[in-house]
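Chain by chain, the residues:
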Amino acid sequence: HMKKILLIGIAGLLMVGCVSPATQMIDNKFLDAQVTQPEVAGIWTTAAAGGLSTIKLNQDGTGVMCEDNGHSVNVYQLRNSGGLIYAQNGMALKKITINNQILNVKTTFSAFNVDMKYRADNELKLATPRCAKEIN
């Protein structure tokens, strides 16, 4: 019986180190994020999680993220803040590379760091028609 309690305790300790999306959503820093000018303003699109995701960053540090999985379209406000891009749903994206060609961000879904490589899409040729409408 003691062994079982010990294992639960260790499992609990291991979980503490991980930032889960649930934690990020509860600890939503979107409204507190200091908006800063991004290194580059533009539009980028990537294929992610069974759909397409498009990010638009404006020169003033505000922006929009649109995700279209073919069934539903989710649109989130974005705030560029230093090395991070905060989404209104509580998600934080860490910028690895940002330039006119690519936007490479890292995010934490459950315990996994997901690398997302967005490609330049200023003409919205890669974005889905519904996201192109939302972003323009």
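Reading the values: the criteria
Residues numbered from 1 in each chain as written. Predicted model: local features only at pLDDT ≥ 70, side-chain atom pairs only at ≥ 80, totals over all residues. Heavy atoms only, no water. Helix = DSSP H or I, 4+ residues; strand = E, 2+ residues; numbered from the N terminus. Buried < 20%, exposed > 50% of the residue type's maximum accessible area, 1.4 Å probe, protein only. Contact = heavy atoms within 4.5 Å. Pairing = 2+ DSSP bridges. pLDDT = per-residue confidence, 0-100. Disulfide = S-S within 2.5 Å. Salt bridge = Lys/Arg side-chain N within 4 Å of Asp/Glu carboxyl O.

Examining the side chain of Asp-68
Inspection of the secondary structure assignment puts Asp-68 in strand E3 (residues 62–68). Asp-68 gets classed as buried once you look at its relative accessible area, which sits at 8%. Setting aside anything within four residues of it in sequence, one finds Asp-68 in contact with Gly-51, Leu-52, Val-73, Thr-128, Arg-130 and Cys-131.

Here's the deal with the pairing of strand E2 (residues 51–57)
E2 sits mainly inside the fold: five of its seven residues count as buried. Connecting strand E1 (residues 42–48) to the next strand, E2, in antiparallel fashion are two residues, including Ala-49 with a positive phi near 50°. For E2 and E3, the ladder comprises six bridges, and the chain directions are antiparallel. Opposite Thr-54, over in E3, you have Cys-66 as the bridge partner. With antiparallel pairing between neighbouring strands as the criterion, E2 and E3 make up a hairpin whose turn holds four residues, including Gly-61 at a positive phi of roughly 100°.

Comments concerning the confidence of the model for the protein
Overall, the prediction assigns the protein a mean pLDDT of 84, with 77% of residues at 70 or greater. Confidence drops under a pLDDT of 50 for residues 13–18, and excluding neighbours within four residues, the segment shows one contact in the predicted structure.

As for the state of the cysteines
Counted by the stated rule, this structure contains one disulfide. Between the sulfur atoms of Cys-66 and its disulfide partner Cys-131 the distance amounts to 2.0 Å. Across the S-S bond of Cys-66 and Cys-131 the torsion is about -80°, and the bridge reads as left-handed. With Cys-66 in strand E3 and Cys-131 in helix H3 (residues 129–135), this residue pair connects regions lying 65 residues apart in the sequence. A single burial state applies to Cys-66 and to Cys-131, both of which are buried.

Looking at the pairing of E3
Each regular strand carries side chains that alternate between the two faces of the sheet. Summarising the sheet, E3 and strand E4 (residues 73–81) pair through seven bridges and their orientation is antiparallel. Paired with Thr-62 across the bridge in E4 is Arg-79. The loop that links E3 with its antiparallel partner E4 comprises four residues; one of these, Gly-70, has a positive phi angle of about 95°.

Points about the pattern of salt bridges
Going through the model one piece at a time under the given rule, you end up with three salt bridges. The residue Asp-68 makes a salt bridge to Arg-130 at a minimum N-O spacing of 3.0 Å. Placement of the pair is Asp-68 in strand E3 and Arg-130 in helix H3, with a sequence separation of 62 residues. You can call Arg-130 partly exposed: its relative accessible area is 35%.

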